[in-house]
Amino acid sequence: SAVISQKPSRDICQRGTSLTIQCQVDSQVTMMFWYRQQPGQSLTLIATANQGSEATYESGFVIDKFPISRPNLTFSTLTVSNMSPEDSSIYLCSVQGGVDEKLFFGSGTQLSVL
Amino acid sequence: KNEVEQSPQNLTAQEGEFITINCSYSVGISALHWLQQHPGGGIVSLFMLSSGKKKHGRLIATINIQEKHSSLHITASHPRDSAVYICAVRFNNDMRFGAGTRLTVKP
């Protein structure tokens, strides 16, 4: 299994500012995934982050808005840039691993943009 | 059209009932995950399936690759099973999620 520490757990931000979310994994993993979960909805994959290469973004998400860093095999950050109220959401990271190849999730970051 | 369809959207059951949640998908996949999300809580991975059937305690998950369909069963349901259950499929390097099934088990 993998244990993921995600920070911050929540934040309230002003329009136009940026927030960086961190995920630390207790083991080395090749791929990390970043998601958004808007109120009352299911998960949407933002991007897949591989160590040593550019993140791969899903349709509707761009690097200028959601830059991702992946400096090593245990750590990644997602920045939500130039925030607007529409960015208010829960952001989560996950990895896949273990014998059962399950997904392991961070506890999420509840972001509110005023 | 959503590539992953879950049914039902909402399900209310009495404690002890047998529960079935369904997931259908329209693309060729390499794996399917069943996830559990409690209110205000995190997300827990229940199963990863690429074929056949898996069982863990009162939970059983099956997948039919030819029919592009998976089911999650809960036997002897309990109020603590109340949660949102999400089906997720992996194809190529993409991940797609169902809308979730909100399960409420009443004592």
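See the structure above.
These notes cover the structure that comes with them. Source: prediction; values computed, not measured.

## Thoughts on the overall build of chain B
A tally of regular secondary structure across chain B gives zero helices and 11 strands. Along chain B, helices and strands appear, N-terminal first, in the series β-β-β-β-β-β-β-β-β-β-β. Scaling as 2.2 N^0.38, a compact globule of 107 residues should have a C-alpha radius of gyration of about 13 Å, and chain B matches this with 13 Å. Expressed as lengths along the three principal axes of its C-alpha atoms, the size of chain B is roughly 40 × 25 × 20 Å. Burial statistics for chain B: of 107 residues in total, 47% are counted as buried. Across chain B, the fraction of contacts at a sequence separation of at least 24, relative to all contacts at a separation of at least 6, is 54%. Carbon and sulfur atoms provide 49% of the accessible area of chain B, an area that totals close to 5,100 Å². Distance from the positive charge centre (11 side chains) to the negative charge centre (7 side chains) of chain B: 5 Å.

## Some words on the state of the cysteines
On inspection of all chains with the given rule, the structure shows two disulfides over all chains. Residue pairing for Cys23 of chain A: its cysteine sulfur links by disulfide to Cys93 of chain A, the two sulfurs lying 1.8 Å apart. Because the torsion about its S-S bond is -95 degrees, the bridge between Cys23 of chain A and Cys93 of chain A counts as left-handed. Of this pair, Cys23 of chain A sits in strand 3 (residues 19-25) while Cys93 of chain A is found in strand 9 (residues 89-97), placing the two residues 70 residues apart along the sequence. You can call Cys23 of chain A buried: its relative accessible area is 0%. Across the disulfide, Cys23 of chain B is cross-linked to Cys87 of chain B (sulfur-sulfur distance 2.0 Å). In this structure, the disulfide formed by Cys23 of chain B and Cys87 of chain B twists by about -60 degrees around the S-S bond and is classed as left-handed. Here Cys23 of chain B is found in strand 3 (residues 19-25), whereas its partner Cys87 of chain B is found in strand 9 (residues 83-91), with 64 residues between them in sequence. Note on Cys13 of chain A: no disulfide assigned, nearest cysteine sulfur contributed by Cys23 of chain A at a separation of 16 Å. A residue is classified by how much of its surface remains accessible, and Cys13 of chain A, at 8% relative accessible area, is buried.

## Things to note about the nonpolar core
Formed by 27 residues in total, the largest nonpolar core has its most connected members in Trp34, Ile46, Phe66, Ile68, Tyr91, Val95 and Leu111 of chain A. The contact partners of Tyr91 of chain A, leaving out residues within four places of it in the chain, are Gln6, Ile21, Tyr35, Arg36, Ile46, Phe66, Leu78, Val80, Gly108, Thr109 and Leu111 of chain A.

## Re the packing of aromatic side chains
Between two aromatic rings, the relevant description is the distance of the centres plus the angle of the planes. For the structure on display, the rule yields five aromatic pairs over all chains. Ring centres of Tyr35 of chain A and Phe97 of chain B lie 5.2 Å apart, and the angle between their planes is 80 degrees; on these two criteria the pair is classed as edge-to-face. You can see Tyr35 of chain A sitting in strand 4 (residues 31-37) and its partner Phe97 of chain B sitting in strand 10 (residues 94-97), one on each of two chains. A single burial state applies to Tyr35 of chain A and to Phe97 of chain B, both of which are buried.

## So, the interface of chain B and chain A
Contact residues are listed per partner, giving 18 residues for chain B and 16 residues for chain A. Across the interface of chain B and chain A, roughly 1,500 Å² is buried in total on both sides, 56% from carbon and sulfur atoms. For the pair chain B and chain A, the interface holds one salt bridge. Run the count over chain B and chain A and you get five residue pairs in polar contact (both at pLDDT 80 or more). Mapped onto the side of chain B that touches chain A, the elements with two or more residues apiece are strand 4 (31-37), strand 5 (43-49), strand 9 and strand 10 of chain B. Ranked by the residues each element gives to the side of chain B that touches chain A, the list is headed by strand 5 of chain B, at five residues. Taken together, the residues that form the side of chain B that touches chain A break down as nine nonpolar, five polar and four charged.

## Brief notes about the side chain of Glu58 of chain A
Mapping Glu58 of chain A onto the fold places it in the loop between strand 6 (56-57) and strand 7 (68-72). Overall, the relative accessible area of 7% leaves Glu58 of chain A in the buried class. Side-chain polar atoms of Glu58 of chain A contact the side chain of Arg96 of chain B, separated by 3.0 Å. Ignoring anything within four residues of it in the chain, the contact list for Glu58 of chain A reads Leu45 and Ile46 of chain A together with Asp94 and Arg96 of chain B.

Parameters at a glance
- Residues numbered from 1 in each chain as written.
- Chains lettered and ligands numbered in written order.
- Predicted model: local features only at pLDDT ≥ 70, side-chain atom pairs only at ≥ 80, totals over all residues.
- Heavy atoms only, no water.
- Helix = DSSP H or I, 4+ residues; strand = E, 2+ residues; numbered from the N terminus.
- Rg over C-alpha atoms; globule rule 2.2 N^0.38 Å.
- Buried < 20%, exposed > 50% of the residue type's maximum accessible area, 1.4 Å probe, protein only.
- Contact = heavy atoms within 4.5 Å.
- Areas by Shrake-Rupley, 256 points an atom, 1.4 Å probe, with all protein chains shown as cover.
- Lys, Arg positive; Asp, Glu negative; His and termini not counted.
- Charge placed at Lys NZ, Arg CZ, Asp CG, Glu CD.
- Disulfide = S-S within 2.5 Å.
- Core = buried A, V, L, I, M, F, W, Y, C linked by side-chain atoms within 4.5 Å.
- Phe/Tyr/Trp six-rings, centres within 6.5 Å; stacked < 30°, edge-to-face > 60°.
- Buried area = accessible area lost by both parts, 1.4 Å probe.
- Salt bridge = Lys/Arg side-chain N within 4 Å of Asp/Glu carboxyl O.
- Polar contact = N/O pair within 3.5 Å; in protein donor to acceptor, adjacent residues only side chain to side chain.
- Nonpolar A, V, L, I, M, F, W, Y, C, P; charged D, E, K, R; others polar.

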